[in-house]
Amino acid sequence: MQAIRLARPRVSLRRLATTAQVPTSGPSSVTASVIPLSNVEAQWENMSKSEQAVVHRQLEELQKKDWKTLSMDEKKAAYYVAFGPHGPRAPVSPPGQGLKVFLFTMGLVGVAGLISIAIRSRAPPPPKTLTREWEEATNERALEQKLNPISGISSEGYSGKGFVVSK
């Protein structure tokens, strides 16, 4: 057992830790990019999560510098990574979906209107007590019986319509 342990090459944890780190400072980090920063918008969706994380870290390091020294492509890439239409900001519905929803809603409103018209066409005629003549006769009867003499139809100077509500 001791012989196997001595024959095995030793790798220090310190050396593994330093080789696994990605350089994030200096111009070498910009050149080690997975894709050019001028093309982030086109390639972002096709990149793996680890590649996206590398680009994100690179842009974080670039943003620590003076913004006046950054190129326009680097600024655009930083804005796209921070606020682009990906992740939680991705559009929920594809383009043209609004028109489909509108047309479907209008179709349902039309069907509801047709159902309402069909039901009303089969309904019996309104009762005779809803006619204007009947309401005027009710006003005359209320005046004969002196109905509500304080503030109603038979009070002095009453100028309202009384029981007439139909047009």
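Residues numbered from 1 in each chain as written. Predicted model: local features only at pLDDT ≥ 70, side-chain atom pairs only at ≥ 80, totals over all residues. Heavy atoms only, no water.

Within the protein chain, the secondary structure is distributed over eight helices and zero strands. Overall, the protein chain shows an N-to-C arrangement of helices and strands of α-α-α-α-α-α-α-α. The 167 residues of the protein chain split such that 17% are buried. Here the contacts in the protein chain between residues at least 6 apart in sequence split such that 46% fall between residues at least 24 apart. When the accessible area of the protein chain is evaluated, it comes to approximately 13,800 Å², of which 61% is carbon and sulfur surface. (Helix = DSSP H or I, 4+ residues; strand = E, 2+ residues; numbered from the N terminus. Buried < 20%, exposed > 50% of the residue type's maximum accessible area, 1.4 Å probe, protein only. Contact = heavy atoms within 4.5 Å. Areas by Shrake-Rupley, 256 points an atom, 1.4 Å probe, with all protein chains shown as cover.)

This part covers a nonpolar patch on the surface. A contiguous nonpolar patch, built from Leu-99, Phe-102, Leu-103, Met-106 and Val-109 and spanning about 510 Å² of accessible area, is present on the exposed surface. Among the secondary structure elements, Met-106 is positioned in helix 7 (residues 97-121). Judged by its relative accessible area of 41%, Met-106 falls in the partly exposed class. (Patch = residues over 30% accessible without salt bridge, like charges linked within 9 Å, V, L, I, M, F, W, Y side chains within 5 Å. Salt bridge = Lys/Arg side-chain N within 4 Å of Asp/Glu carboxyl O.)

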